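What follows is each chain in one-letter form.
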Amino acid sequence: MATNAIDQTRRMLSLVTYLRERPGARVSDVARAFGITEDELIGDLDVLPMCGTSFRGGDLLDIDTDGDRIWWHNPDASGTSTGQPLRLAADEATALLVAARAVATLPGLRESDRQALLRATAKIEAAAGEAAGASSRLSVTFESEGGVFADVDRAIAERRRVWLRYYSPARDELTEREVDPIRLFVVGHTYMEAWCRLSEARRTFRLDRVAEIRLLDEASDPPPVELRDLSEGLVQPAAEDPEVVIEVGPGGRWVAEYYPHDSAEELPEGGLRITLRTPDPASLRRLALRLGRDGRIVSPPAPAEAARDAAREALAAYGE
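The notes below deal with the structure included here.

What counts, and where the lines are drawn
- Residues numbered from 1 in each chain as written.
- Predicted model: local features only at pLDDT ≥ 70, side-chain atom pairs only at ≥ 80, totals over all residues.
- Heavy atoms only, no water.
- Pairing = 2+ DSSP bridges.
- Helix = DSSP H or I, 4+ residues; strand = E, 2+ residues; numbered from the N terminus.
- Axes fitted to C-alpha atoms, helices over the stretch in contact; angles between N-to-C directions.
- Buried < 20%, exposed > 50% of the residue type's maximum accessible area, 1.4 Å probe, protein only.
- Arc of directions from axis to C-beta.
- Contact = heavy atoms within 4.5 Å.
- Polar contact = N/O pair within 3.5 Å; in protein donor to acceptor, adjacent residues only side chain to side chain.
- Phe/Tyr/Trp six-rings, centres within 6.5 Å; stacked < 30°, edge-to-face > 60°.
- Lys NZ or Arg CZ within 6 Å of the ring centre and 35° of its normal.

A few words on the sheet that holds strand β10 (residues 272-277). Pairing in this open sheet of four strands is antiparallel, and the strands run β9-β10-β8-β11 from one edge to the other. In this open sheet, the two strands that pair with only one neighbour each are β9 (263-266) and β11 (295-299). Each neighbouring strand pair of the sheet contributes to a mean axis angle of 25 degrees, computed without reference to strand direction. Summarising the sheet, strand β8 (residues 243-248) and β10 pair through six bridges and their orientation is antiparallel. Within β10, the residue paired with Glu-243 across the bridge is Arg-277.

Moving on to helix α3 (residues 38-47). Among the residues of α3, Leu-41, Asp-44 and Leu-45 are the ones counted as buried. End-on view of α3: buried residues confined to an arc of 100 degrees, all on one side of the axis. Turned more than 90 degrees from where α3 packs its buried face, Asp-39 and Asp-46 sit exposed.

Moving on: the sheet that holds strand β7 (residues 210-219). Here five strands make up an open sheet; going across it, the order is β6-β5-β4-β3-β7 and the pairing antiparallel. Pairing within the sheet leaves two strands with one partner each, and these edge strands are β6 (201-206) and β7. Here the average twist between neighbouring strands, direction ignored, is 45 degrees. Of the pairings in the sheet, the one linking strand β3 (residues 160-168) to β7 comprises six bridges and is antiparallel in character. Opposite Arg-160, over in β7, you have Ala-219 as the bridge partner.

Another point: the environment of Arg-160. Residue position: Arg-160 is located in strand β3. Measuring from C-alpha to C-alpha, the distance between Arg-160 and Val-179 comes to 9.3 Å, with 19 residues separating the pair along the chain. Sequence-distant contacts of Arg-160, that is, excluding residues within four places in its chain, are made with Arg-154, Ala-155, Pro-181, Leu-215, Leu-216, Asp-217, Glu-218, Ala-219 and Ser-220. A distance of 2.9 Å separates the side chain of Arg-160 from the side chain of Glu-158, its partner in a polar contact. One polar contact links the side chain of Arg-160 to the main-chain carbonyl oxygen of Leu-216, over a distance of 3.1 Å.

Let us look at the packing of aromatic side chains. A complete count under the given rule lists three aromatic pairs for this structure. On the numbers, 5.2 Å between centres and 75 degrees between planes, the contact of Tyr-18 with Phe-34 is edge-to-face. Here Tyr-18 is found in helix α1 (residues 5-20), whereas its partner Phe-34 is found in helix α2 (residues 27-34), with 16 residues between them in sequence. Accessibility expressed as a relative area gives 19% for Tyr-18, which makes it buried. Seen from their ring centres, Tyr-166 and Phe-205 are 5.0 Å apart, and the 90 degrees between their planes marks the pair as edge-to-face. Of this pair, Tyr-166 sits in strand β3 while Phe-205 sits in strand β6, placing them 39 residues apart in sequence. Each member of the pair, Tyr-166 together with Phe-205, is buried. Over the aromatic face of Tyr-18 sits the side chain of Arg-22, whose NZ or CZ is 3.8 Å from the ring centroid.

Moving on, we come to unusual backbone geometry. In the Ramachandran plot, Arg-159 falls in the positive-phi region, its phi being about 55 degrees despite a non-glycine side chain. Here Arg-159 shows up in the loop between α7 (144-158) and β3. At Glu-200, a residue that is not glycine, the phi angle is positive and equals roughly 50 degrees. Summarising the element assignment, Glu-200 is placed in the loop between β5 (189-196) and β6. With relative accessibility at 45%, the residue Glu-200 sits in the partly exposed group.

This is a description of form; function is not addressed.
Okay, here's the thing in structure tokens:
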């Protein structure tokens, strides 16, 4: 079953209590107890050390794992065993209030969640006293991706189908489609994995390429699919995919950081010869155009020539 951001937050809060009562718990046992994979549990454990009663001193949770067992070295950091009330510094209160007010304005947020957030904000304002004054002079506006995220998160929670206007960079066009959301995930960018009713197949959509989104009344009903392991990245070329060789100058070295590749050989004057694999070499034409003078496709010949033709057409259009 797909997990949205709110479900994950609830699980991690429960995980804190569970681990405090079970020092040295086995990874396999904890994953089984929460109904998740061991990789998903490790992902949660990577986040927990960034949580705590404050970002000062030993207040962050010191939790780690050796892959077999989970160890919590400072269980008192959660504050529950000492009975000490949570104390916020002025800057912490300001940051919390600004963030809470911003989240409350997100489109797509469920009304019950919005009201609960506003009640909590009012309590923090009362407790913060004069420190709350600074927060009233600050505001945060989310870019469109934040609203899309909220709508998708709500669609997953309510199991509703979604209508999209989506920009496809491969075809350089906007398409309209209905999708059944499966999950949200982050690999560099934020993505939605969904069952696309236009293509009747599983597809991945980058949220910052969603031009318009609308929740539908129709129930979301994606067919059962096995969730991909994304620990190695979103793009995971197969060994049998065609090999592509790209040469880049110093300004194109970012390609080796952005694209999974088999090798990156240093060239004179700071360049790289990058060998990678892709199921569709023709799709690299856009990369070649983006690189411009900073790189070129060396082989195979077909996409290299296609990139040169596209560059000539672009120059001709610019001249006109």
